Amino acid sequence: MKGEKYLFVVSGPSGTGKDTVVSKLLGDHPDVKKTVSATTRPMREGEVDGVNYHFLSKEHFKEALDADGIVEYTCYCENYYGTLRSEIERHMKAEEPVILVIEVEGAGNIKRLYPGATTIFVLPPDMQELEHRLRCRGTETEEVIQKRLKRAETEIARSADYDEHVVNDVVQDCADRIYGIIRHRLMQED
Ligand code: 5GP
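Residues numbered from 1 in each chain as written. Predicted model: local features only at pLDDT ≥ 70, side-chain atom pairs only at ≥ 80, totals over all residues. Heavy atoms only, no water.

Participant: Is there a simple way to think about the packing of aromatic side chains in this case?
Facilitator: The description of two aromatic rings rests on the distance between their centres and on the angle between their planes. The tally for this structure, following the rule as stated, stands at seven aromatic pairs. Measuring from ring centre to ring centre gives 6.1 Å for F61 and Y73, while their planes differ by 65 degrees; the resulting arrangement is edge-to-face. Of this pair, F61 sits in helix α2 (residues 58–66) while Y73 sits in strand β5 (residues 70–76); the two residues are twelve residues apart in sequence, bridging distant segments of the chain. Residue Y73 is classed as partly exposed on the basis of its relative accessible area of 38%. Given the relative accessible area of 2%, F61 is considered buried. (Phe/Tyr/Trp six-rings, centres within 6.5 Å; stacked < 30°, edge-to-face > 60°. Helix = DSSP H or I, 4+ residues; strand = E, 2+ residues; numbered from the N terminus. Buried < 20%, exposed > 50% of the residue type's maximum accessible area, 1.4 Å probe, protein only.)

Participant: Can you help me understand the site of the ligand in this one?
Facilitator: Taken together, 16 residues are adjacent to the ligand, and S37, R41, Y53, Y81 and E103 come closest. Here T83 contributes a backbone N or O atom positioned 3.2 Å from an oxygen atom of the ligand. The protein chains hide 97% of the 510 Å² of surface that the ligand would expose on its own. In this structure, the ligand is accommodated by the largest pocket. (Near = heavy atom within 4 Å. Polar contact = N/O pair within 3.5 Å; in protein donor to acceptor, adjacent residues only side chain to side chain. Areas by Shrake-Rupley, 256 points an atom, 1.4 Å probe, with all protein chains shown as cover. 1 Å grid on protein atoms, 1.4 Å probe; cavity = no way out; pocket = protein on both sides within 12 Å on 5 of 7 lines; lining within 4 Å. Sits in = over half its atoms within 2 Å of the grid points.)

Participant: What is the right way to look at the side chain of T119 in this model?
Facilitator: With respect to the helices and strands, T119 occurs in strand β8 (residues 118–123). When near neighbours in sequence (up to four residues on either side) are disregarded, T119 contacts V9, A107, K111, D161, Y162, D163 and E164. (Contact = heavy atoms within 4.5 Å.)

Participant: Sorry if this is basic, but what is going on with the sheet that holds strand β6 (residues 79–84) here?
Facilitator: Neighbouring strands of a sheet are bound in pairs by backbone hydrogen bonds; such pairs are parallel or else antiparallel. Strands sit in the order β4-β3-β6-β5 across an open sheet of four strands; the sheet is mixed. Across the chains shown, the open sheet's two edge strands, defined by having one partner strand only, are β4 (54–55) and β5. Bridging between strand β3 (residues 38–39) and β6 involves two bridges; their strand directions are antiparallel. Bridging across to β6, A38 finds its partner in G82. Packing of helix α3 (residues 85–93) onto the sheet brings it into contact with β4, β5 and β6, and relative to β6 it is tilted by some 30 degrees. (Pairing = 2+ DSSP bridges. Axes fitted to C-alpha atoms, helices over the stretch in contact; angles between N-to-C directions.)

Participant: For this particular structure, what's the right way to read the layout of surface pockets?
Facilitator: Taking a probe equal in size to a water molecule and rolling it over the atoms shows the remaining empty space. One number sums up the size of the largest pocket: a volume of about 900 Å³. Along the walls of the largest pocket sit 38 residues, with K18, D19, R44, Y53 and V101 positioned nearest its centre. Only α1 (18–28), β5, β6, α5 (127–137) and α6 (142–157) provide two or more residues apiece to the lining of the largest pocket. Counting residues per element, the lining of the largest pocket draws most heavily on α1, at six residues. Taken together, the residues of the lining of the largest pocket break down into eleven nonpolar, 14 polar and 13 charged. Its boundaries defined by the atoms lining it, the second largest pocket holds a volume of some 210 Å³. Lining the second largest pocket are 13 residues; nearest its centre among them are R41, N79, E140, V144 and R148. Breaking the lining of the second largest pocket down by element, the ones donating at least two residues are β6 and α6. Ranked by residues supplied to the lining of the second largest pocket, first place goes to α6 with three residues. The residue inventory of the lining of the second largest pocket, partitioned by class, reads four nonpolar, three polar and six charged. (Points joined across faces, edges and corners; volume = space filled by probe spheres on them. Nonpolar A, V, L, I, M, F, W, Y, C, P; charged D, E, K, R; others polar.)

Participant: Sorry, what's going on with the environment of D19 here?
Facilitator: Note that D19 resides in helix α1. Judged by its relative accessible area of 43%, D19 is partly exposed. Between the alpha carbons of D19 and M127 there is a distance of 18 Å; along the sequence they are 108 residues apart.

What follows is the structure, encoded as C-alpha cells:
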C-alpha cells in the first residue's frame with residue numbers, strides 16, 4: 001500500500017524508557033508524529049485522554065473493533081490496547097512519518113498488514129536496569145511489576161524479528177539513532 005514507508009513501529013519491554021525516547025524525538029523533530037492508541041487500562045496520574053491514549057471502556061473498545069476501526073489490538077496484562085485505523089491512514093495520506101509505540105504482537109501484525117513499515121526494538125542496557133527503571137517509575141503495584149518483568153523476557157526473546165535494534169543507554173543518543181533510521185527509510189522507495 002502506498003505510504004507504508006511512513007510507518008515506524010517502536011517496541012520494547014515496559015520500563016525500557018521507549019516512551020521517554022520517543023517523546024524526546026518528537027520534541028526535537030516536530031515533522032515526526034505519533035499515533036494515539038485506544039486502551040481500556042486506567043489512566044495514570046499526569047496522563048491526558050486523547051493525548052497519551054484514547055481511554056475507552058471495554059464496551060466502547062469492543063464497539064470500535066466491531067466497526068473495523070481498530071487495525072490491530074492485543075490484551076496486555078489484562079487490558080486491551082489497539083491501533084486506530086483512522087490514526088494510521090491520516091498520517092500515511094499526509095505522507096508524514098509516524099511512530100506507533102506498541103508491543104511485539106501488535107508490531108508483528110502491523111508488519112504483516114503493512115510490509116513496508118519499519119520495526120524498531122528498544123533494548124534496555126540490561127535486565128537489572130530494566131527492573132530498576134520499572135520500580136523507580138512508582139506507577140505500578142508489585143504484582144503488575146512482576147507481570148511486566150515476565151513479559152519483558154518473552155518480548156526480548158522475540159526481538160530478533162525486528163528490522164532495527166537500538167539500546168536505550170542515553171535517551172538523547174537513542175532518540176538520535178531512531179531519527180537516523182527514519183531519515184534513512186524516507187530516502188528509499190515506498
Ligand atoms: P502502557 O500500559 O505501559 O502504556 O503500555 C503497555 C504496552 O502496550 C506497551 O508495550 C505499549 O507499547 C503497548 N501498546 C500501546 N498501545 C498499543 C496498541 O495500540 N497496540 C498494541 N499492540 N500495543 C500497544
